[in-house]
Amino acid sequence: MLGFTLLTRLDAILLDGVFSLIAWLMALLTAKVATLLRRPPNARFPLGCDALAPLINIIKGLIALAVCAFALVEAIGSLLSGGRRVEIELALVDGNPDDR
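Reading the values: rules and limits
Per chain, residues are indexed from 1 in the order of the written sequence. Since the coordinates come from a predicted model, pLDDT governs what is reported: local features require at least 70, and pairs of side-chain atoms require 80 or more to be given and counted, while whole-chain, interface and lining totals use all residues. Note that the side-chain values use all heavy atoms of the structure and ignore hydrogens as well as water. Each helix corresponds to a stretch of at least 4 residues labelled H or I by DSSP, and each strand to a stretch of at least 2 residues labelled E; elements are numbered beginning at the N terminus. A 1.4 Å probe rolled over the protein chains alone gives each residue an accessible area, and that area as a share of the maximum for its type sets the label: buried under 20%, exposed over 50%, partly exposed in between. A contact between two residues is defined here by any heavy atoms of the two lying within 4.5 Å. Residue burial considers only the protein chains on display, and all accessible areas are found by Shrake-Rupley using a 1.4 Å probe. For every element, the axis is a line fit to its C-alpha atoms; helices are fit only across the contacting stretch, and the angle between N-to-C directions ranges from 0 to 180 degrees. When an angle is under 35 degrees it counts as roughly parallel; over 145 it counts as roughly antiparallel; between 65 and 115 it counts as roughly perpendicular; any other value is oblique. Gly is placed with the polar residues, together with every amino acid not listed as nonpolar (Ala, Val, Leu, Ile, Met, Phe, Trp, Tyr, Cys and Pro) or charged (Asp, Glu, Lys and Arg). Any residue with relative accessible area above 30% and no salt bridge may belong to a patch, with like charges joined within 9 Å and the nonpolar Val, Leu, Ile, Met, Phe, Trp and Tyr side chains within 5 Å. Salt bridges are identified by distance alone: a Lys or Arg side-chain nitrogen within 4 Å of an Asp or Glu carboxyl oxygen. Residue-level confidence of the predictor, termed pLDDT, takes values from 0 up to 100. Helices are assigned an expected span. That span is 1.5 Å times one less than the residue count.

Caption draft 1: Representation of the overall build of the protein in the model. Helix and strand counts for the protein stand at 4 helices and 0 strands. Secondary structure elements of the protein occur, N-terminal to C-terminal, as α-α-α-α. Scored against the burial criterion, the 100 residues of the protein give a buried share of 13%. Of the contacts made within the protein by residues no fewer than 6 positions apart, 61% connect residues no fewer than 24 positions apart. For the protein, the computed accessible surface area is about 7600 Å², with 71% contributed by carbon and sulfur atoms.

Caption draft 2: Region of the structure containing the packing of helix 2 (residues 11–37) against helix 3 (residues 52–80). Relative to each other, helix 2 and helix 3 sit at 175°, their axes nearing to 10 Å. Relative to helix 3, the element helix 2 lies roughly antiparallel. Counted together, Leu15, Phe19, Ile22, Met26, Leu29, Thr30, Val33, Leu36 and Leu37 of helix 2 and Leu52, Ala53, Ile56, Ile59, Lys60, Ile63, Ala64, Val67 and Ala71 of helix 3 form the full contact between these two elements. Across the contact of helix 2 with helix 3, the residue classes break down as 16 nonpolar, 1 polar and 1 charged.

Caption draft 3: Broad picture of a nonpolar patch on the surface. Judged by side-chain polarity, Leu21, Trp24, Leu25 and Leu28 come together as a nonpolar surface patch covering roughly 420 Å² of accessible area. Structurally, Leu28 can be placed in helix 2.

Caption draft 4: Region of the structure containing the confidence of the model for the protein. Taken residue by residue, the protein gives an average pLDDT of 80. The fraction at 70 or more is 75%. Mean pLDDT across the secondary structure elements of the protein bottoms out at helix 1 (residues 2–8), with 61, and peaks at helix 3, with 90.

Caption draft 5: Representation of helix 3 in the model. The end-to-end C-alpha distance of helix 3, which contains 29 residues, comes to 42 Å, matching closely the 42 Å that a straight helix rising 1.5 Å per residue would cover. Here helix 3 has its buried residues at Ile56, Val67 and Ser78. Buried-residue contacts for helix 3 involve helix 2.

Caption draft 6: Spatial organisation of the side chain of Ser78. Note that Ser78 resides in helix 3. Residue classification places Ser78 among the buried residues on the basis of a relative accessible area of 11%. Not counting the four nearest positions on each side in its chain, Ser78 is found in contact with Gly83 and Arg84.

Caption draft 7: Examining the environment of Ala53 more closely. In this structure, Ala53 sits in helix 3. On a C-alpha basis, the gap between Ala53 and Thr30 in space is 8.1 Å, while along the polypeptide they are 23 residues apart. Beyond its immediate chain neighbours, meaning those up to four positions away, Ala53 contacts Val33 and Leu37.

See below:
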């Protein structure tokens, strides 16, 4: 994904890849928390792990907000510098074949 982004000079492809990677990592973390939620209370968590579910949602939201903020800052910087030339022919390869 990174190499393709460097070829096309299209940050939207990089953003899509980063967002997909983060979503995958958050899904793994959510699955781990789901297994913790099924466990009974123990010495480490005497009230159970129920507080982890809202905490994981807060973390997901903050990470999504950070990725969007980074994309916004990069887009504004690109606009203020006059934009960039995009190799659109290569960028079309990344699209969904059903959309063509």
